[in-house]
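# Commentary on secondary and tertiary structure
Residue strings, one per chain:
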Amino acid sequence: MSDVKWIKITVDIFDDEKILLIESLPDADAIIVIWFKLLCLAGKQNNCGVFMLNDSIPYTDEMLATIFRRKVTTVKMALETFEQFGMISRIDGAVTIPKWGKHQSLDQLENKKEYMRGYMRNYRQKQKEITCKTYGKTNSKANVSPLEGEEDKNKKENKNIGYQIISDMFNEICISFPRITKLSDRRKKTIRARINQGYTAEDFKRLFESAEASSFLKGGNSRNWSANFDWLIQDANMTKVLDGNYQDRKEGVRDEQESGSSVQLWD
């Protein structure tokens, strides 16, 4: 499973009937804290909402009490309450959060990452096939050193990078930025200039991933300014982004804002 650094919480969670009922109970604050600790542990484990210490040992109430730094009696009371309200269930002795993967959209996260892995794998294979056809015809020159041959090969590989591949890569990775709907001649010229400078498909992929991970480039700045595709592929800007000048400097809870309404964590 891939690491998950955030979980979804609806802004109206404290208006939910189950939370309102819990708030009427003794030790309500402690129970709610344990609920949020459960959610964070489920996200950290990324195991479809099933709490397992390893492949064969489920977390017991006592284990959870130790991890949460709470009394066993308080944890037991909280878990009983959650189970009564259908917020958790026990399957073969393991505590689970029903439909956790569906509510947290983790399947979509895995699918997106798998798609990108397959996309780049197919792209490299296609690039290799084109390079072999082109490079095989021109590699008959005598007295070419291995280093010169490798440099020549890299140049030919770069020239085979398609404009549409770069465009599609941006749209797939930079989901927080305006999508590219048309490749103008000016955009093609700029892309070609970067390729001629020696930038590879991997460099463009790293550029887009860095931009998507940057709060500043997505509007998190005092001017409320956001970057776009045309800004990113400019020579100076591409260099600064790849150098890490726009990386987030603080680590913490990610404020995940997605299009559409939020989803609840339980039915």
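Please refer to the structure higher up on the page.
A few points on the structure. (Residues numbered from 1 in each chain as written. Predicted model: local features only at pLDDT ≥ 70, side-chain atom pairs only at ≥ 80, totals over all residues. Heavy atoms only, no water.)

This brings us to the environment of A201. Within the secondary structure, A201 sits in helix α10 (residues 201–212). Among the residues examined, A201 registers a relative accessible area of 5% and is labelled buried. For the pair A201 and I166, spaced 35 residues apart in sequence, the C-alpha separation works out to 7.5 Å. (Helix = DSSP H or I, 4+ residues; strand = E, 2+ residues; numbered from the N terminus. Buried < 20%, exposed > 50% of the residue type's maximum accessible area, 1.4 Å probe, protein only.)

Here we take up helix α9 (residues 185–196). With 12 residues, α9 extends 16 Å from end C-alpha to end C-alpha; this agrees with the ideal 16 Å at 1.5 Å per step. Along α9, the positions that sit buried rather than exposed are R187, T190, I191, R192, R194 and I195. Count one or two residues on from α9 and you reach G198, which has phi positive near 110 degrees. (Expected span 1.5 Å × (residues − 1).)

For D27, which is not glycine, the phi dihedral falls at a positive 55 degrees. Turning to its location among the elements, D27 is positioned in the loop between α1 (17–23) and α2 (28–45). According to the relative accessible area criterion, D27 is partly exposed, its value standing at 48%. Even without being a glycine, C48 presents a positive backbone phi close to 60 degrees. Summarising the element assignment, C48 is placed in the loop between α2 and α3 (61–68). On the accessibility criterion, C48 (45% relative accessible area) is partly exposed.

Here the focus is the pattern of salt bridges. Between side chains of opposite charge, a pair can form as their charged atoms come close. Summed over the entire model, instances satisfying the criterion amount to 8 salt bridges. Put simply, E62 and K76 hold a salt bridge, and the shortest N to O gap is 3.6 Å. On the criterion of sequence distance, the pair formed by E62 in helix α3 and K76 in helix α4 (residues 72–84) is long-range, its members being 14 residues apart. What makes E62 partly exposed here is its relative accessible area of 40%. Across the pair D230 and R187 runs a salt bridge, and its minimum N-O distance is 2.8 Å. Taken as a pair, D230 in helix α11 (residues 229–232) and R187 in helix α9 lie far apart in primary sequence, 43 residues in all. Each of D61, E62, K76, E83 and R90 takes part in one network of salt bridges that share partners. (Salt bridge = Lys/Arg side-chain N within 4 Å of Asp/Glu carboxyl O.)

Restricting attention to buried positions, one finds in helix α12 (residues 235–242) the residues N237, M238, V241 and L242. Along the axis of α12, the buried positions cluster into a sector of 130 degrees, meaning they face one direction only. Against α9, α10 and α11 lie the buried residues of α12. G244 lies just past α12 and shows a positive phi near 90 degrees. (Arc of directions from axis to C-beta. Contact = heavy atoms within 4.5 Å.)

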